[in-house]
Amino acid sequence: MSERTATVSRDTKETQITVSVNLDGQGRFTCETGVPFLDHMLDQVARHGLIDLEIKAAGDLHIDDHHTVEDLGITLGQAFAKAVGDKRGIRRYGHAYVPLDEALSRVVIDFSGRPGLFMDVEFTRASIGRLDTQLFWEFFQGFVNHAQVSLHIDNLKGFNAHHQAETIFKAFGRALRMAVEEDPRMAGQMPSTKGCL
């Protein structure tokens, strides 16, 4: 099995971000973004996706978290696209339901080559810590556009906003893990009747 890793950097007037991923990792996570709650959520993705994830980010946090959060999604999506490669032999689809106490979320992903975000989440609070909950949509939109995936995120239950977010990110990690796993029965074939993704 060839190594499925990637490092991508994004340098703008608003943010400077470097993301490294290992799709066949052990869930190791190091992160410096300046957005503590997002760091906590990305740790869930690494741990539950068994993806090694290293992130260094500096952004214009003196304005707000928007540019940093959105650009992290973009850069993570680019890193996934690069690490997955031509997608031969992967399962392509992934899904997960994850509960946390009263909260329950479902995430379904397709490495289809066609970006689309379908997110049905009504957070019960406008912010978690200092992080505006609207920015989760911006993060996932950035990821979807640059990883070229279809992503469905549904929070099915929950009244604690922290629990809502955590179930989403844990389920996202589990769905990613399933989708990018190499399928021995595919034997390097393209998981599409079109012959390309």
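Residues numbered from 1 in each chain as written. Predicted model: local features only at pLDDT ≥ 70, side-chain atom pairs only at ≥ 80, totals over all residues. Heavy atoms only, no water.

With an unreviewed UniProt entry as reference, the protein is termed Imidazoleglycerol-phosphate dehydratase, source organism Litchfieldella qijiaojingensis. Here is the UniProt Catalytic activity (unreviewed entry) comment for the protein, exactly as written: "D-erythro-1-(imidazol-4-yl)glycerol 3-phosphate = 3-(imidazol-4-yl)-2-oxopropyl phosphate + H2O". Recorded in UniProt for the protein, the comment headed Pathway (unreviewed entry) runs: "Amino-acid biosynthesis; L-histidine biosynthesis; L-histidine from 5-phospho-alpha-D-ribose 1-diphosphate: step 6/9." (UniProt positions renumbered as here; feature names shortened; annotations may be inferred.)

1. Remarks on the nonpolar core
Judged by nonpolar contacts, the single largest core of 56 residues is most densely connected at Val-21, Ile-109 and Phe-111. No other element matches the 10 residues that helix H4 (residues 161–180) contributes to this core. Discounting residues that sit within four places of it in the chain, Ile-109 has contacts with Arg-92, Tyr-93, Gly-94, Phe-143, Val-149, Ser-150, Leu-151, Phe-172, Ala-175, Leu-176 and Ala-179. (Core = buried A, V, L, I, M, F, W, Y, C linked by side-chain atoms within 4.5 Å. Buried < 20%, exposed > 50% of the residue type's maximum accessible area, 1.4 Å probe, protein only. Helix = DSSP H or I, 4+ residues; strand = E, 2+ residues; numbered from the N terminus. Contact = heavy atoms within 4.5 Å.)

2. Overview of the sheet that holds strand E3 (residues 29–32)
Sheet architecture is open: four strands sit in the order E1-E2-E4-E3, paired in mixed fashion. Of all strands in the sheet, those bounded by a partner on one side alone are strand E1 (5–11) and E3. Neighbour-to-neighbour, the strand axes of this sheet turn through a mean angle of 5 degrees, independent of strand direction. Across the sheet, helix H1 (residues 36–49) lies against E3 and strand E4 (52–59), angled at about 160 degrees from E3, the strand it touches most. Contacts from helix H2 (residues 66–84) reach E1, strand E2 (15–22) and E4, with the element oriented near 35 degrees to E2. (Pairing = 2+ DSSP bridges. Axes fitted to C-alpha atoms, helices over the stretch in contact; angles between N-to-C directions.)

3. Some words on the pairing of E1
One ladder, built from seven bridges, connects E1 with E2; its direction is antiparallel. Along E2, the bridge assignment pairs Thr-7 with Ser-20. Here E1 hands over to E2 after three residues, the two strands then running antiparallel side by side.

4. Re the side chain of Asp-154
Along the chain, Asp-154 falls in strand E10 (residues 150–157). Excluding residues within four positions of it along the chain, Asp-154 makes contact with Leu-104, Ser-105, Arg-106 and Asp-120.

5. Points about the packing of H2 against helix H3 (residues 135–147)
H3 packs onto H2 with a crossing angle of 30 degrees between their chain directions and a minimal axis gap of 7 Å. When the interaxial angle is binned, H2 and H3 end up roughly parallel. The hand of the H2/H3 crossing is right-handed. Residues His-66, Val-69, Glu-70, Leu-72, Gly-73, Ile-74, Leu-76, Gly-77, Gln-78, Phe-80 and Ala-81 of H2 form the contact with H3, whose participating residues are Leu-135, Glu-138, Phe-139, Gly-142, Phe-143, His-146 and Ala-147. Among the residues making up the contact of H2 with H3, the classes are represented as 10 nonpolar, six polar and two charged. (Parallel < 35°, antiparallel > 145°, perpendicular 65-115°, else oblique. Left-handed = near helix turned anticlockwise from the far one by under 90°. Nonpolar A, V, L, I, M, F, W, Y, C, P; charged D, E, K, R; others polar.)

6. Focus on the packing of aromatic side chains
Enumeration according to the criterion identifies nine aromatic pairs in this entry. With centroids separated by 5.2 Å and ring planes inclined at 80 degrees, the aromatic side chains of Phe-139 and Phe-140 adopt a geometry described as edge-to-face. With a relative accessible area of 0%, Phe-140 lands in the buried category. With 5.2 Å between their ring centres and 90 degrees between their planes, Phe-143 and Phe-172 make a pair best called edge-to-face. Within this pair, whereas Phe-143 is found in helix H3, its partner Phe-172 is found in helix H4, the two being separated by 29 residues in sequence. Accessibility assignment for this pair places Phe-143 and Phe-172 in one class, buried. Taken together, the ring pairs in this structure connect Phe-37, Phe-80, Phe-123, Phe-136, Phe-139, Phe-140, Phe-143, Phe-169 and Phe-172 into an aromatic cluster. (Phe/Tyr/Trp six-rings, centres within 6.5 Å; stacked < 30°, edge-to-face > 60°.)

7. Thoughts on the environment of Glu-54
Its location among the elements puts Glu-54 in strand E4. Classification of Glu-54 as partly exposed rests on a relative accessible area of 38%. When residues no more than four places from it in sequence are discounted, the contact partners of Glu-54 are Thr-18, Val-19, Ser-20 and Thr-30.

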